[in-house]
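Residues per chain are reported as follows:
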Amino acid sequence: MSLEEKDKKYIWHPFTQMKDYCSEVPLIIEKGKGVYLYDIYGNKYIDGVSSLWLTVHGHQKKELNDAFRSQLKKIAHSTLLGLSHPAAIELAEKLINIAPKGLTKLFYSDNGATSVEIALKIAFQYWKQKADPEPKKKNFIAFKNAYHGDTVGAVSVGGIGLFHQCYRSLLFKTIFAEYPYCYRCKEKHNCKNINKSRCVNKLEILIKKNHNKIAGLIIEPLIQGAGGMIVAPPGFLDEVRRLCDKYNILLIADEVATGFGRTGTMFACERENVIPDIMCIAKGITGGYIPLAATLVKENIYKAFLGDYKEMKTFFHGHSYTGNPIGCAVALANLKIFKKEETLKRLIPKIEYFKNNLEKFIELEHVGDIRQCGMMVGLELVKNKRTKVPYLWDEKIGIKVTKEARKNGLIIRPLGNVIVLMPPLSILKNEIKAMLDIVHKAIKKVTEEI
Ligand SMILES: *Cc1c(COP(=O)(O)O)cnc(C)c1O
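## Concerning the sheet that holds strand S12 (residues 293-298)
And then number 1: If you walk across this open sheet you meet the 7 strands as S4-S12-S11-S10-S7-S5-S6, and the pairing is mixed. The sheet is open, and its two borders are formed by strand S4 (103-109) and strand S6 (174-177), each paired with just one other strand. Direction aside, the axes of adjacent strands within the sheet are offset by 20° on average.
And then number 2: One ladder, built from 4 bridges, connects strand S11 (residues 278-281) with S12; its direction is antiparallel. Residue pairing in the sheet places Ile-278 in a bridge with Val-297 of S12.
And then number 3: Where helix H5 (residues 86-98) meets the sheet, its contacts fall on S4, S11 and S12, and the angle it forms with S4 comes to roughly 135°.

Here you go:
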């Protein structure tokens, strides 16, 4: 049996309609080098979405490979439940040093969804256990179109109907606020004064009404990723911080997608000098090599969990592979590369180049909106540019563009009608150009055919 046949026979792929998948020949990636992926036949593709938003310095990065190997010579795994290991300790120190000031304690886990579960459980438990308990504060505010992972707690604060609706009756109750979606905003007034904008006003009304029962507000800072690369206007995050302070709500920043340089700074919160009470990081933490995640909290939150053993204030949570040593060693090497190669500094002209070369997409008849936040880009395709009427779900416009791009040597994955581009930070200008040329051609061809 060929690999393709065995793949179809045995694997149930994530976020994939297997009926469609099995009606085609699957693409099997065997190798990666830099920003390129190679299939089992040696065909070469640009990795246009960083292997699902993970890869940072490219595939087969020497320093990361070396760190992996050298940790392996010591130990592959040892637990953090009641024990510790050097890589976890060194990494925790480094992460706390680069995180927004005030986040002083770090809880390890192994993927983005778990880092969010942990944030929610910590926030919930904090109000019960703090010196002056407020046990009524146990619900959460999240945003429409939000994505925080696929486990049941993370889905409870998820706002994407398509992914989350089916499970609604299984979930805890969450209050949903509107995230600014400027392209589809019906308000006429502009948001130059963000503190007077409709989104902020509506959010304040919602918080004011509910704050007595709200433990925390969870947000994807600056940009909603899986919701369709929806970029918030400047100042919005800062306003959210202000409202959380005003109404005594914990701010949880989900930096799982935005962390590690993706928006141009190490963390998105830095851009508005916002310090969250809790911060979730994962995806890029190991440079996209292996699963690792962390939830960072402020000292006052950590302290609410201290007490005599019999008080049962312990945070009863942990995963088998929490803070895996290989993950931590590779994550340390990842941070070293950021420093040594001045990754963030070198990103500035690339982001500018990306932006300039995206401008030509507006000439395409069906590109309604071009959204960019650093190295995170979304092109929203519409049936009619003037009326902004979207393509129907079953027209599969995003999927068709993606398939066309693949024929020309680019691997991307759409979010509905939004074409997502999120290449590794190590991509070079000429590679950005090559990627955009393929996307431009693919959008033109597919939208003209339909
Ligand atoms: C991907 C993502 C998650 C979930 O991370 P996993 O590692 O896939 O569980 C959570 N939050 C955001 C913002 C994400 O983009």
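## A few points about the environment of Lys-209
And then number 1: Counting through the fold element by element, Lys-209 comes out in helix H9 (residues 198-210).
And then number 2: Each C-alpha atom, one on Lys-209 and one on Lys-73, is 56 Å from the other, the two residues being 136 residues apart in sequence.

## Regarding the sheet that holds strand S3 (residues 44-47)
And then number 1: The strand order S1-S2-S3-S16 describes an open sheet built from 4 strands, whose pairing is mixed. Both outer strands of the open sheet, strand S1 (29-33) and strand S16 (410-411), are each paired with one neighbouring strand and no more.
And then number 2: Across 3 bridges, the pairing between strand S2 (residues 36-39) and S3 is antiparallel. Bridge pairing in S3 places Leu-37 opposite Tyr-45.

## A few points about the site of the ligand
And then number 1: Neighbouring residues of the ligand: Trp-53, Asn-111, Gly-112, Ala-113, Tyr-147, His-148, Gly-149, Glu-220, Asp-254, Val-256, Ala-257 and Lys-283.
And then number 2: Note that a nitrogen atom of the ligand is positioned 2.6 Å from one of the side-chain N or O atoms of Asp-254.
And then number 3: Contact with the protein chains hides 82% of the accessible area of the ligand, taken as 380 Å² for the molecule alone.
And then number 4: Within the shell around the ligand, the residues separate by chemical class into 5 nonpolar, 4 polar and 3 charged.

What counts and what doesn't
Residues numbered from 1 in each chain as written. Predicted model: local features only at pLDDT ≥ 70, side-chain atom pairs only at ≥ 80, totals over all residues. Heavy atoms only, no water. Pairing = 2+ DSSP bridges. Helix = DSSP H or I, 4+ residues; strand = E, 2+ residues; numbered from the N terminus. Axes fitted to C-alpha atoms, helices over the stretch in contact; angles between N-to-C directions. Contact = heavy atoms within 4.5 Å. Near = heavy atom within 4 Å. Polar contact = N/O pair within 3.5 Å; in protein donor to acceptor, adjacent residues only side chain to side chain. Areas by Shrake-Rupley, 256 points an atom, 1.4 Å probe, with all protein chains shown as cover. Nonpolar A, V, L, I, M, F, W, Y, C, P; charged D, E, K, R; others polar.

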